[in-house]
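Chain by chain, the residues run as shown.
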Amino acid sequence: MDDYVRVGTGGHLVLALHGWFGSANAWENLIPHLDAEHFSYVFPDFRGYGARKEVPGEYTIAEAAGDVLALADELQAERFSLVGHSMGGSVMQWVYADAPERVRALVGVSPVPASGVPFDEQTWELFAGAAEDSANRKAIIDFTTGNRHPDAWLDGMVLHSEENSDRTAFAAYLQAWAKTDFHERIEGAEVPVKVIVGEHDPALGEQAMLATFAQWYPKLDLEVMPDAGHYAADEVPVTLANTIEVFLDEH
C-alpha cells in the first residue's frame, strides 16, 4: 500500500488516521505547522477513501487497523506513534490492541472510543442517511462544530467528504465505528495517551471522554481545546499541531 501522504524526515514516525468525513488530504491545513525535522508524518487513506477510493474491502475497524500495520511494515517502522481523528481514533486503538509493543504513544483528536458511540433513533437516521444525502452530511458537520461556522466552510467540508469517499464504504464505516466495541482489549493499557476534544463538540466532547478513555487508560492526558468543535485540524490547526507535538516529544 503506497497510497499515502508523507511529510517530514525526522526519526519519530507518526501515522495519522483520518475520520469518517476525512481522507489523507483532510489534514492539509495542519501540515504547514508540523515539525518536519523531528517527526515523519504519514497520512494514509482507509479503503474506500481518497487514493484508495476504489480499493474494495469489508470496511471494518479490524481491517483498517490491519492495513495500518501493513503500512508500518512497508515503511520498515518497528515503532511509531499514532494520531487518530474521530473514526481514526477507533482504528488507532485497535492497532495498539493488535501490536502494543510497536506503539510509542496515542493521540486522539475527538476520537471514537473503543466502545463505539451510542445513538438515539433520530440521530442514527441522520447519520445513516449521510451516505446518500449532502444535506445530512452538512447538518452533522454543523452540529458537531457547535453551529458556529459559515455555510461556505460547511459546504467545503461536505464537498471534500463526497469527493474523497465511496458511498458504499462510507455507509459501511458508520456501522464499523459506531457499533464496534472492543474496549476490553485496551482496558488498563499503560500506553501514553493524549486526547484532544473541542469545546464545541456536543457528541465526542469532554464528558464522552471522561466516561470512556478516562476509565480505560491510566496515563490519559485529556485536553479541551477552546474555539474548536469536532474538526480541530481545520478549525485550529496551529494550536492542534503544537499540542500534538508537545505531547509526542515526551515519548
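The structure reproduced in this document is the subject of the present report. Keep in mind that what you see is a predicted model, and the values were worked out from it rather than measured. Counting restarts for each chain: residues are numbered from 1 in the order of the written sequence. With pLDDT at 70 or above as the cut-off, local features in this predicted model cover only qualifying residues; side-chain atom pairs require 80 or more to be listed or tallied, and sums for whole chains, interfaces and linings still use all residues. Where side-chain values are given, they derive from all heavy atoms of the structure, hydrogens and water being excluded.

Brief notes about the pattern of salt bridges
When the charged atoms of two side chains lie near each other, side chains of opposite charge can form a pair.
Logical step 1: In the sections that follow, a salt bridge refers to a side-chain nitrogen of Lys or Arg positioned within 4 Å of a carboxyl oxygen of Asp or Glu. Evaluated as defined, the whole model comprises 13 salt bridges.
Logical step 2: Note that lysine 194 and aspartate 221 form a salt bridge whose closest N and O atoms lie 3.3 Å from each other. In this pair, lysine 194 is assigned in strand S6 (residues 193–198) and aspartate 221 in strand S7 (residues 220–225), connecting sequence segments 27 residues apart.
Logical step 3: Buried, partly exposed and exposed residues are distinguished by accessible area as a fraction of the type maximum, computed with a 1.4 Å probe on protein chains only: under 20%, between the cut-offs, and over 50%, respectively. Lysine 194 gets classed as buried once you look at its relative accessible area, which sits at 6%.
Logical step 4: One network of salt bridges, with partners in common, ties together Arg47, Arg52, Glu63 and Asp67. Elements are defined by DSSP. Helices are runs of H or I of four residues or more, strands are runs of E of two residues or more, and each kind is numbered from the N terminus.

Considering the side chain of histidine 18
Logical step 1: Residue placement: histidine 18 occurs in the loop between strand S2 (12–17) and strand S3 (39–44).
Logical step 2: Since its relative accessible area comes to 2%, histidine 18 is described here as buried.
Logical step 3: Pairs of N or O atoms are called polar contacts if they sit within 3.5 Å, as long as, within protein, a hydrogen donor faces a hydrogen acceptor (for residues adjacent in sequence, only side-chain-to-side-chain pairs). Here the side chain of histidine 18 touches phenylalanine 46 through a polar contact of 3.1 Å, landing on its backbone nitrogen.
Logical step 4: Setting aside residues no more than four positions away along its own chain, histidine 18 makes contact with Ser23, Ala24, Trp27, Pro44, Asp45, Phe46, Tyr49, His85, Met87 and Gly88. Contacts between residues were defined by any pair of non-hydrogen atoms, one from each residue, lying within 4.5 Å.

A short note on the packing of aromatic side chains
By convention here, two paired aromatic rings are described through the distance between centres and the angle between planes.
Logical step 1: Note on ring pairs: Phe, Tyr and Trp rings are taken, using the six-membered ring of Trp, and paired if centres are within 6.5 Å. Classes follow the plane angle, with under 30 degrees stacked, over 60 edge-to-face and the rest tilted. For the structure shown, the criterion picks out 18 aromatic pairs.
Logical step 2: Each ring, one from tryptophan 20 and one from phenylalanine 170, has its centre 4.1 Å from the other, and the planes form 10°; the classification is stacked. Placement of tryptophan 20 in the loop between S2 and S3 and of phenylalanine 170 in helix H6 (residues 167–179) is noted, with a sequence separation of 150 residues between them. Taken as a pair, tryptophan 20 and phenylalanine 170 share a single burial class, namely buried.
Logical step 3: Ring geometry for tryptophan 94 versus phenylalanine 182: centroids 4.7 Å apart, planes at 55°, classification tilted. Taken together, the residues span a long stretch of sequence, with tryptophan 94 in helix H2 (residues 87–98) and phenylalanine 182 in the loop between H6 and helix H7 (183–186) at a distance of 88 residues.
Logical step 4: Overall, the relative accessible area of 16% leaves tryptophan 94 in the buried class.
Logical step 5: Ring pairing ties together the aromatic residues Trp20, Phe21, Phe119, Trp124, Phe127, Phe170 and Trp177, which thus form one cluster.
Logical step 6: For a lysine, the NZ atom is tested; for an arginine, the CZ atom; a charge sits over a ring if that atom is within 6 Å of the ring centre and within 35 degrees of the ring normal. The ring centre of tryptophan 124 lies 4.4 Å from the NZ or CZ of lysine 179, which sits over that ring.
Logical step 7: Positioned above the aromatic ring of tryptophan 94 is the side chain of arginine 185, whose terminal nitrogen or guanidinium carbon lies 5.0 Å from the ring centre.

Structural notes on unusual backbone geometry
Logical step 1: Residue tyrosine 59 is not a glycine yet carries a positive backbone phi of 60°.
Logical step 2: Along the chain, tyrosine 59 turns up in the loop between S3 and helix H1 (61–74).
Logical step 3: Note on tyrosine 59: relative accessible area 12%, which makes it buried.
Logical step 4: Located in the positive-phi region is glutamine 76, a residue other than glycine, with phi close to 55°.
Logical step 5: Along the chain, glutamine 76 falls in the loop between H1 and strand S4 (80–85).

Section: the sheet that holds strand S1 (residues 4–7)
Logical step 1: Spatially, S1-S3-S2-S4-S5-S6-S7 is the arrangement adopted by the seven strands of the open sheet, whose pairing is mixed. The sheet is open, and its two edges are formed by S1 and S7, each paired on a single side. Within this sheet the neighbouring strands show an average axis-to-axis angle of 15°, counted without direction.
Logical step 2: Here a strand pair is declared whenever DSSP counts at least two bridges between the two strands. Sheet analysis places strand S5 (residues 103–109) next to S6, joined by four bridges and oriented parallel. The residue of S6 that forms the bridge with glycine 108 is valine 195. Note on method: axes are straight lines fitted to C-alpha atoms, helices fitted across the in-contact stretch only, with angles between N-to-C directions ranging 0 to 180 degrees.

Bear in mind that shape data such as this cannot, by itself, settle questions of function.
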